[in-house]
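Survey of secondary and tertiary structure
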Amino acid sequence: MLKNKTFLVTGSSSGIGETIADFLLKNDAKVIGISRKKNNFKNLKKFFHIKIDLSDPFNAFEKVKQIITNFKEIDGLISNAGTGDFRSLENFSSNQIGKFISLNLTSHILITRALLPHFKKNKNGSIIYIGSESALKAKKYGSLYSACKFGLRGFSKSIRDECSNNNIKVTIINPGMVKTSFFQNLDFSHGDKEGEFIETSDIGKIVLDILNQRQGLVVDEINLSPLKKVIKFGKKK
Ligand SMILES: NC(=O)c1ccc[n+]([C@@H]2O[C@H](COP(=O)([O-])OP(=O)(O)OC[C@H]3O[C@@H](n4cnc5c(N)ncnc54)[C@H](OP(=O)(O)O)[C@@H]3O)[C@@H](O)[C@H]2O)c1
């Protein structure tokens with residue numbers, strides 16, 4: 001079902017986005033990957049990397065419009081790029097707050113805004129947002145991250161409702177802790193034992209499953225968590 005379809009995957013250079021891009025390529029889809037760094041996919045005939053810094057979402061909006069002109073057919077968006085930063089609100093400068101929200105919320109909105117006319121014209125399109133368990137429950141030090149993920153979840157649900165008459169299917173996946181480089185610069189992480197983290201392949205498989213559903217069915221939202229919720233703390237705040 002995915003053969004020769006084209007998907008835009010943001011944050012395709014590592015972690016969840018890289019695995020999703022890899023799974024799509026292995027299913028004969030074409031992938032346009034957006035990130036700052038490149039990756040080393042073997043299937044370069046079907047993978048096209050576009051370097052965009054999504055913390056400048058207005059630039060991203062113009063570049064995505066250009067991508068639509070160049071590629072002509074885009075069947076789906078996996079809106080995934082993001083980072084985590086967890087500390088007391090007063091420890092962020094106003095500039096850091098602006099950049100964080102630009103990447104983790106505004107870029108998702110503007111890329112969707114750029115693609116919607118294309119999907120509506122084709123009366124076809126699949127959008128999958130990578131949300132978070134922080135879109136469901138807010139905890140201390142996660143004010144900005146939760147603001148973005150709660151916002152993304154609300155946005156996703158509204159767009160899902162707005163676009164169903166145009167055959168556009170919208171899903172949000174809310175994972176708990178996934179084993180990726182997300183935690184590299186954070187002072188906490190998931191546990192190391194089996195059952196204490198989600199694998200990126202778990203999400204890759206679910207994305208394929210969502211995209212392979214019959215046209216008349218939408219998976220609105222999926223929440224995922226490791227069997228055991230273990231948080232390993234490092235340095236003190
Ligand atoms: N890991 C978890 O536990 C977890 C749980 C729930 C939700 N999530 C969400 O999953 C998504 C992916 O995270 P991950 O765990 O896969 O982390 P990751 O391995 O660090 O990947 C993050 C991706 O986002 C891209 N990115 C970051 N800043 C960017 C920028 N300014 N411009 C363009 N691309 C940028 C990175 O590419 P470049 O650095 O090359 O630009 C990379 O491809 C995020 O939205 C995150 O909030 C993660």
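Residues numbered from 1 in each chain as written. Predicted model: local features only at pLDDT ≥ 70, side-chain atom pairs only at ≥ 80, totals over all residues.

Quick word on the overall build of the chain
The criterion, for reference: Secondary structure follows DSSP: runs of H or I at least 4 residues long count as helices, runs of E at least 2 residues long count as strands, and numbering of each begins at the N terminus. What the globule rule says is 2.2 Å times the number of residues to the power 0.38, and the radius of gyration is computed from C-alpha atoms. Exposure classes come from backbone-placed C-beta atoms, where a residue is buried if 20 or more other C-beta atoms lie within 10 Å of its own, exposed if 12 or fewer do, and partly exposed in between. Here, residues touch in the contact sense if the C-beta positions derived from the backbone fall within 7 Å of one another.
The number of helices and strands found in the chain is five helices and nine strands. Of the regular secondary structure in the chain, the N- to C-terminal order runs β-α-β-β-α-β-α-β-α-β-β-α-β-β. Relative to a compact globule of 237 residues, whose C-alpha radius of gyration would be 18 Å, the chain shows 17 Å and is just as compact. Looking at the chain as a whole, 37% of its 237 residues qualify as buried. Looking at the chain alone, contacts between residues at least 24 apart form 71% of all its contacts between residues at least 6 apart.

Regarding the site of the ligand
Spelled out, the test is: By definition, a residue lies near a molecule or strand provided its backbone-derived C-beta atom is within 6 Å of it. Throughout, the ten residues Ala, Val, Leu, Ile, Met, Phe, Trp, Tyr, Cys and Pro are labelled nonpolar, Asp, Glu, Lys and Arg are labelled charged, and all others, Gly among them, are labelled polar.
Neighbouring residues of the ligand: 27 residues in total, closest G11, G15, R36, K37 and G82. Ranked by residues supplied to the shell around the ligand, first place goes to helix α1 (residues 15–26) with three residues. Per-class residue counts for the shell around the ligand are ten nonpolar, 14 polar and three charged.

So, the nonpolar core
Rules: Each nonpolar core reported here comprises buried Ala, Val, Leu, Ile, Met, Phe, Trp, Tyr and Cys residues connected via C-beta atoms within 7 Å.
With 49 residues, the main nonpolar core has L8, I20, L24 and V31 as its most contacted residues. For this core, the leading source of residues is helix α3 (residues 94–122), giving seven residues. Leaving out residues up to four positions away in the same chain, I20 has contacts with V9, I78, N80, I203, G204 and V207.

Details of helix α4 (residues 143–163)
The line we're drawing: Between the first and last residue of a helix there are one fewer steps than residues, each counted as 1.5 Å, and that sum is the expected span. Arc, as used here, means the arc of the directions from the helix axis to the C-beta atoms.
Under the 1.5 Å per step criterion, the end-to-end length of α4 is 30 Å for 21 residues, consistent within 8% with the ideal 30 Å. Within α4, the full set of buried residues consists of L144, Y145, C148, K149, L152 and S156. Buried residues in α4, looked at end-on, bunch into an arc of 120°, giving them a common side. Exposed residues pointing more than 90 degrees away from the buried face of α4 are listed as G154, S158, D161 and E162.

Considering the environment of L89
Checked against the element boundaries, L89 lands in the loop between β4 (76–79) and α3. When the C-alpha atoms of L89 and L144 are compared, they prove to be 7.6 Å apart, with 55 residues separating the residues in sequence.

A short note on the sheet that holds strand β8 (residues 221–224)
The condition is simple: One requirement defines pairing of two strands: DSSP has to find at least two bridges between them. Between N-to-C directions, angles span 0 to 180 degrees; the directions come from axes that are lines fitted to C-alpha atoms, helices contributing only their stretch in contact.
Read from one edge of the open sheet, seven strands run β3-β2-β1-β4-β5-β6-β8, paired in parallel fashion. Either end of the sheet is taken by a strand with one partner, and the two such strands are β3 (47–51) and β8. Each strand of the sheet is rotated relative to its neighbour by a mean of 15°, with strand direction disregarded. Pairing between strand β1 (residues 6–10) and strand β2 (residues 30–35): five bridges, direction parallel.

Comments concerning unusual backbone geometry
Excluding glycine, residues mostly have negative phi values, and the peptide bonds linking residues are mostly trans. For K123, which is not a glycine, the phi torsion comes out positive at approximately 50°. As for its position among the elements, K123 is in the loop between α3 and β5 (125–130). Residue classification places K123 among the exposed positions, given that 10 C-beta atoms sit within 10 Å.

Considering the environment of S107
Tracing the backbone through its elements, the reader meets S107 in helix α3. What makes S107 buried here is the crowd of 28 C-beta atoms within 10 Å. Setting aside chain neighbours within four positions, we find S107 in contact with L54, P57, A60, A81 and S102.

Here we look at the packing of α3 against α4
Convention followed: Comment on the angle field: the value is read as roughly parallel under 35 degrees, roughly antiparallel over 145, roughly perpendicular from 65 to 115, and oblique elsewhere.
In contact at an axis separation of 10 Å, α3 and α4 are set at 10° when each is read in the N-to-C sense. In terms of orientation, α3 and α4 fall into the roughly parallel class. Only L144, C148, G151, L152, F155 and I159 of α4 make contact with α3, whose side of the interface consists of I97, F100, I101, N104, L105, H108, I109 and T112. Looking at side-chain class alone, the contact of α3 with α4 contains ten nonpolar, four polar and no charged residues.

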